[in-house]
Amino acid sequence: MVCKPIVAPRLVRVVIDRAIHRELDYSVPDSLAERVSVGSRVRVPFRDKSGLATVVATLEHSDAKGLRPIEAVVGDAPMLSTHLLELANWIGAYYCCPIETVMRSMLPQVIRKAKVGFKRQLFVQPGRKIDRDELEKLQKRAPRQAELLEAISKLEKPKRVADLLRQTSLDNQTLRALAKRGLAVLREEAVERDPHGDEQFIPTTNLVLNEEQTRVLKEITEALEAPEKARPILLHGVTGSGKTEIYLQAIRASLDRGHTAIVLVPEISLTPQTVERFKGRFAEAQDAVAVLHSHLSEGERHDEWHKIHSGRARIVIGARSAVFAPLKNLGLIVVDEEHETTYKQEEAPRYHARDVAVVRAKIEKCVVLLGSATPSLESYHNAMTGKYQLATLLQRVDEKQMPLMRIVDLRSERRKQKSLAILSDKLRDAIADRLGKREQTILFLNRRGFSTSLLCSNCGEARNCPNCSVALTFHRQVARLNCHLCGHTAAVPKKCPACGQDALIYSGFGTEKVEATVTQIFPNAMVRRMDADSMSRKEAYRETLRNFRAGKIDILVGTQMIAKGLHFPNVTLVGIINADLALHLPDFRAGERTFQLLTQVAGRAGRGETPGEVFVQTFTPFSPSIQFARHHDFAGYFQQELEFRERCDFPPFQHAVLITIRSEHEARAKFSAETLRRRLRETLPTEFVLGDAAPAPLQKLQGQFRFHILIRGGSRRISGLSRLIRETLDKLPFPEDVAVAVDVDPYQLL
Ligand code: ADP
Ligand code: ZN
């Protein structure tokens, strides 16, 4: 056999970590050549400084003149695989954004900047043998050293110095003296910061699947057998139907084939409970499961990333950006709650992690499994048209009943109570009933704060945010007015600042007021609130969940933080305080979101022995999303929603691209938007429907005036449209204080 010599690259093409929108060529000095390949991170001279960059290609030759050499290689192995580079290119082309921006999402900052390293700690192990004479001398002259030596001689493997000294109650000086005599050997070693290192996970084994689950798992394992032929699998399973158990067993099947797996969950459902389920099932090796989420410290993130990159972790569970986890030999990507909008990143690159997962699976020839109780219209449509394979679970595990949904018409409640009631009589009675039976209640409202606006009844002025076109929310606990969009905060005026009258009225309510009202009505109940205000400490969240699970809390009030993924067997009542919040937004997905939210929140009820009950308070009891959710009729809802989307040329029938133009100066934003709109009309084929350059529904945000252009339609591939948009933008000289953002497949339409 002839061995091909490994040719070390002499020239490389790199993408610098800066927005310069092009690739650059460099030469590779001999001393570094062995360590450089595609995907390596390197330090290169750039203008008069140096910068970090990613190697995207090795070259035979370059047309560029006067190539400068790269200065250094960061890390031992390439940080991005060729697969991930291919994925980066796809994201750039599809989502209309420069590749260096994509890189920024692909590699965590702590890895990109290469400033944080492993934590190093001192370890001790036995040194040379000691003879009897010397030992006797030591015992006489330095009894503490002798004592420590005895402890060290019993060590089977190196031990952390700090631990040894703590256990023996001896000091560092004694240890140093022993080391000087050669009787102990000290060595620094890299140790990992394991965010879950101090927790014990109880090992679990596969549950015996029911008939439905068995059938679904079989479909998945068949796909794992022939991944190159497999289509993405959409698992539509009602809440509590045992989807997670299927993920666990599918991952096991993938590992058994020598492959690795990624599990994406929405950040919000990446709870200790979820992590525990995965860590517990794959407890065979401490390192097997790596966890990535936004609460990791820089050091922890660094170590988790390396655990994955080095191949020690074989399963990654994480939020959106975990779709870029540098696992090799990928066999399966699971996207749980695939309909969740938090998978969409709202800053560049504006990618959707579910769609990126589907593309990554195609590139790496692995299986992708999308799961949800309420699939997105996009995915369900893909399943209907055969692009995806549909698997369904219709039964809850153990044939538990779906909760009973009761609609409460707030219009008639209003007639009864005059003022806007927070709790209808029916909901109030139901809570009282549960309190009597020592069962638990969840009250859901997707709005924080106490009062949502402060109005003057004399002059009509509202307290609005000076930076955003929204009213300030009154937060009673901190006694301030806060803007939920930009964080602006203001003191609460005693009199109307506009007219000077003592005529301010508070109206609208959020979770804080729900909590106060419930506490007032049920003074003996233990009530807790869970939202971004009360849970700013990471520990508070865990603690509240723990107490709720332990039955120490009777009523939990919260925002979407409590809507997802949690299950508590003793919760038999869920109250949705206002189901209409999403319905009135100018967003074509408003109905879809309401349906999903009601179904998901309802899924929190009745997971134990007693069937659950859900009260939905609404002013629009006959809106389709509420009615279909009430009857747990996904198919019916899907059908009517799809008809609506088709009639209006909305996704999934047509792609949409939303361009936002913003500036501190309203006139400049408007002018730029109109100019851009004109140019786009000249450039884009007529099949694309171009909306007017119009003020965004949220006209002002964080001090910037915003204008929208919505592009729809076109049967062409989106990357073609993205390219045309990019070219048009590149040719237009926008004033410096005007920013333009392109959002392909937008979710945020405000
Ligand atoms: P989903 O993810 O669809 O909401 P889960 O996988 O969380 O459902 O399952 C709900 C509950 O049922 C969990 O407590 C889980 O351990 C249990 N479960 C799932 N599958 C089975 C099974 N085959 N036999 C017994 N219990 C099961
Ligand atoms: Zn604001």
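Residues numbered from 1 in each chain as written. Chains lettered and ligands numbered in written order. Predicted model: local features only at pLDDT ≥ 70, side-chain atom pairs only at ≥ 80, totals over all residues. Heavy atoms only, no water.

Take the coordination of the zinc ion (ligand 2) next. For the zinc ion (ligand 2), every protein donor is listed as Cys 465 (SG), Cys 468 (SG), Cys 483 (SG) and Cys 486 (SG), and the spread of their distances is 2.2 to 2.4 Å. Here the zinc ion (ligand 2) is ringed by 4 donor atoms whose angles at the metal span 104 to 113°, and the overall shape comes out tetrahedral. Each donor residue of the zinc ion (ligand 2) lies on one chain, and together they are spaced C-x2-C-x14-C-x2-C. Residue Cys 465 shares its accessibility class with Cys 468, and that shared class is buried. (Donors = N, O, S within 2.8 Å, 3.2 Å for Na, K, Ca; no water. Tetrahedral: all angles 85-135°; square planar, octahedral: opposite > 155°, others 65-115°. Buried < 20%, exposed > 50% of the residue type's maximum accessible area, 1.4 Å probe, protein only.)

So, about the nonpolar core. Membership of the largest hydrophobic core comes to 111 residues, with the highest contact counts inside it found for Ile 711 and Ile 725. Ranked by the residues each element gives to this core, the list is headed by helix α13 (residues 353-364), at 7 residues. By size, the runner-up hydrophobic cluster in this structure holds 33 residues, among which are Leu 248, Ile 251, Val 263 and Ala 288. (Core = buried A, V, L, I, M, F, W, Y, C linked by side-chain atoms within 4.5 Å. Helix = DSSP H or I, 4+ residues; strand = E, 2+ residues; numbered from the N terminus.)

Quick look at the pattern of salt bridges now. A side chain of one charge can pair with a side chain of the opposite charge if their charged atoms are brought near each other. Under the defined criterion, the tally for this structure stands at 37 salt bridges. Between Glu 222 and Lys 218 there is a salt bridge, and its shortest N-O distance comes to 3.2 Å. Highlighted residues: Glu 222 and Lys 218, both in helix α9 (residues 211-225), separated by 4 residues, approximately one helical turn. A relative accessible area of 46% means that Glu 222 is categorised as partly exposed. Here Lys 218 falls in the exposed class, since its relative accessible area comes to 52%. For the salt bridge of Arg 723 with Glu 727, the shortest nitrogen-to-oxygen distance reads 3.4 Å. (Salt bridge = Lys/Arg side-chain N within 4 Å of Asp/Glu carboxyl O.)

Around ligand 1 sit 16 residues, and of these Val 208, Gln 213, Lys 243, Thr 244 and Arg 277 come closest. Within the contact set of ligand 1, an oxygen atom lies 2.9 Å away from a backbone nitrogen or oxygen of Lys 243. Arg 277 has a polar side-chain atom sitting 2.8 Å from an oxygen atom of ligand 1. For ligand 1, the protein covers 74% of the area, taking 560 Å² as the surface of the free molecule. Looking at which element gives the most residues to the shell around ligand 1, the answer is helix α10 (residues 243-256), with 3 residues. (Near = heavy atom within 4 Å. Polar contact = N/O pair within 3.5 Å; in protein donor to acceptor, adjacent residues only side chain to side chain. Areas by Shrake-Rupley, 256 points an atom, 1.4 Å probe, with all protein chains shown as cover.)

Describing two packed helices takes the angle between their axes plus the distance from one axis to the other. The interhelical angle for the contact between helix α14 (residues 377-384) and helix α21 (residues 634-647), taken along N-to-C directions, is 100°, at an axis separation of 11 Å. With respect to their mutual orientation, α14 and α21 come out roughly perpendicular. Residue-level inspection shows Leu 377, Tyr 380, His 381 and Met 384 of α14 in contact with α21, the latter providing Phe 634, Tyr 637, Phe 638, Glu 641, Leu 642 and Arg 645. Looking at the contact of α14 with α21 residue by residue, the classes come out as 7 nonpolar, 1 polar and 2 charged. (Axes fitted to C-alpha atoms, helices over the stretch in contact; angles between N-to-C directions. Parallel < 35°, antiparallel > 145°, perpendicular 65-115°, else oblique. Contact = heavy atoms within 4.5 Å. Nonpolar A, V, L, I, M, F, W, Y, C, P; charged D, E, K, R; others polar.)

Attention shifts here to the pairing of strand β27 (residues 656-663). For β27, the tally of buried residues reaches 7 of 8 residues, placing the bulk of the element in the interior. Where β27 lies against strand β31 (residues 738-744), 7 bridges are found, and the strand directions are antiparallel. Bridging from a neighbouring strand, Leu 658 pairs with Asp 743 of β31. (Pairing = 2+ DSSP bridges.)

Another aspect to go through is empty space enclosed by the protein. Where empty space is left in the structure can be found by rolling a water-sized probe over the atoms. What the rule picks out here adds up to 1 cavity of 30 Å³ or more. By volume, the largest cavity amounts to about 40 Å³. As for the largest cavity, its lining consists of His 339, Thr 341, Ser 376, Glu 378, Arg 589, Glu 592, Arg 593, Gln 596 and Tyr 747. Tallying contributions element by element places helix α19 (residues 590-602) first for the lining of the largest cavity, with 3 residues. (1 Å grid on protein atoms, 1.4 Å probe; cavity = no way out; pocket = protein on both sides within 12 Å on 5 of 7 lines; lining within 4 Å. Points joined across faces, edges and corners; volume = space filled by probe spheres on them.)

Read across the open sheet, the 7 strands follow the order β11-β12-β10-β13-β14-β9-β15; overall the sheet is parallel. The strands lining the two open edges of the sheet, one partner per strand, are β11 (289-292) and β15 (389-393). Strand-to-strand twist in this sheet, taken as the mean axis angle between neighbours without regard to direction, amounts to 15°. As paired elements, strand β10 (residues 260-264) and strand β12 (residues 315-318) share 4 bridges and run parallel to each other.

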